[in-house]
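Residue-level structural notes
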Amino acid sequence: MTKKFNFDVTATDGRARTGVISTPRGEIRTPAFMPVGTAATVKAMLPESVRATGADILLGNTYHLMLRPTAERIARLGGLHRFMNWDRPILTDSGGFQVMSLAGLRKLTEEGVTFKSHIDGSRHALTPERSMEIQALLGSDIVMAFDECTPFPSDEATARRSMELSMRWARRSREAFGDRPGHALFGIQQGSVYRDQRQESADKLREIGFDGYAIGGLAVGEGQATMFEVLEYAPAMLPEDRPRYLMGVGKPDDIVGAVERGIDMMDCVLPSRSGRTGQAFTRFGVVNIRNARHQDDPRPLDEHCTCPACRNYSRAYLHHVNRAQEIIASMLLTWHNLHYFQELMQGLRDAIAEGRLAAFVSDFHARRAEGDI
Ligand SMILES: Nc1nc2c(CCNCC3CCCCC3)c3[nH]c(NCCc4ccccc4)nc3cc2c(=O)[nH]1
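Residues numbered from 1 in each chain as written. Predicted model: local features only at pLDDT ≥ 70, side-chain atom pairs only at ≥ 80, totals over all residues. Heavy atoms only, no water.

1. Points about the packing of helix α9 (residues 224-231) against helix α10 (residues 252-260)
At their nearest, the axes of α9 and α10 sit 10 Å apart, and the two run at 15° to each other. In terms of orientation, α9 and α10 fall into the roughly parallel class. In this structure, the crossing between α9 and α10 has a hand that is right-handed. Counting all contacts with α9, which are made through Q224, M227, F228 and L231, the residues of α10 involved are D253, D254, G257 and A258. Here the residues of the contact of α9 with α10 sort into 4 nonpolar, 2 polar and 2 charged. (Axes fitted to C-alpha atoms, helices over the stretch in contact; angles between N-to-C directions. Helix = DSSP H or I, 4+ residues; strand = E, 2+ residues; numbered from the N terminus. Parallel < 35°, antiparallel > 145°, perpendicular 65-115°, else oblique. Left-handed = near helix turned anticlockwise from the far one by under 90°. Contact = heavy atoms within 4.5 Å. Nonpolar A, V, L, I, M, F, W, Y, C, P; charged D, E, K, R; others polar.)

In structure tokens form, the structure reads like this:
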């Protein structure tokens, strides 16, 4: 059991690479997709089911857990791993992004953000120091610096002010995090869609020094083409011997494009959230199980898939339980989607390791064109 946090690149294919992040709680195979466990649960999944889909790490969140049940209570109960019965690595986001997207009455100053809880209206404050304290109380293995996700679109001056604030907060996060062997602190690059600002942000983060580097400020409405334009240059600005984490991404084709451009880690609510609405991701594209055309279909979602939903249930059944709003509908569709996302990651890792990523990617796109789903 390593007591340290390490990242080793094991193979490359173009800008893409495979690697292993070693942590005291286990190894993370990269490129990795990280399921989101917002309120100390991956919704509709038991932790052992999340593990069965192939996940090595999952996400928690400062914002949600500080409001309910509070980080102090989770710490008193032994920390987030014990609390949610997940003994592998956990990465927690620093809370700023969720404040801006969920909380009410927000006030942003140099110090940090104050806001009203979306749960009970109580007032709270998040600063770099408080975010580090909360993430330490939770016991997360990978801690995210406290940042401001620059809204899109932003003009250059606005984006610059936002990025520079995030870089001052990055330094305060680093200082407040201190020296915690076996735990990692990741910095978050900002700079919106402005190449010079992305470079300045990357240089500042390197100067401060982090265990890993995230690309923030993307997947905020700019669209895939613009995101990929930024990913043509932003990953290479970050240290190549450290993990690169693209936050909030994404759809399967976003993930494939990001991995081709050198990204090692991603997270997204999409597979779980869309599973609960009846959207199933398959190698041929998305199946919306609520559509009446499935009500007599005896076939599984995807006959190639080995997940419990595809092994044991028909589209007709999944259509029925979804229409009836049965709890099992969320369970089966979530499990299928997380399984599909992890299978996609395993396919990418294998293709990179064998130097055949280009073939994998063209096959990935070709299947989806078929569209007989
Ligand atoms: N610090 C920080 N976090 C960001 C996040 C949250 C990543 N997920 C955390 C996770 C923790 C647990 C609770 C859930 C969130 C982002 N998410 C997106 N796009 C999502 C776009 C999207 C995709 C599908 C559905 C909704 C929204 N862009 C992001 C940029 C940043 C950023 O600059 N800084």
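2. What to know about the packing of aromatic side chains
Enumeration over the complete set of coordinates arrives at 8 aromatic pairs. Here the aromatic rings of F210 and Y213 are separated by 6.1 Å at their centres, their planes lie at 85°, and the arrangement is edge-to-face. Its end group placed over the ring of F228, R261 keeps NZ or CZ at 4.1 Å from the ring centre. (Phe/Tyr/Trp six-rings, centres within 6.5 Å; stacked < 30°, edge-to-face > 60°. Lys NZ or Arg CZ within 6 Å of the ring centre and 35° of its normal.)

3. Considering the site of the ligand
By nearness alone, 24 residues border the ligand, and D93, D147, G217, L218 and D267 come closest of all. At 3.0 Å, a side-chain N or O of Q190 approaches an oxygen atom of the ligand. Alone, the ligand offers 730 Å² of accessible surface; in the complex the protein occludes 84% of this. The site holding the ligand turns out to be the largest pocket. Where the shell around the ligand is concerned, the elements lending two or more residues are β5 (58-61) and α5 (96-102). (Near = heavy atom within 4 Å. Polar contact = N/O pair within 3.5 Å; in protein donor to acceptor, adjacent residues only side chain to side chain. Areas by Shrake-Rupley, 256 points an atom, 1.4 Å probe, with all protein chains shown as cover. 1 Å grid on protein atoms, 1.4 Å probe; cavity = no way out; pocket = protein on both sides within 12 Å on 5 of 7 lines; lining within 4 Å. Sits in = over half its atoms within 2 Å of the grid points.)

No statement about biological role is implied by the geometric values presented.
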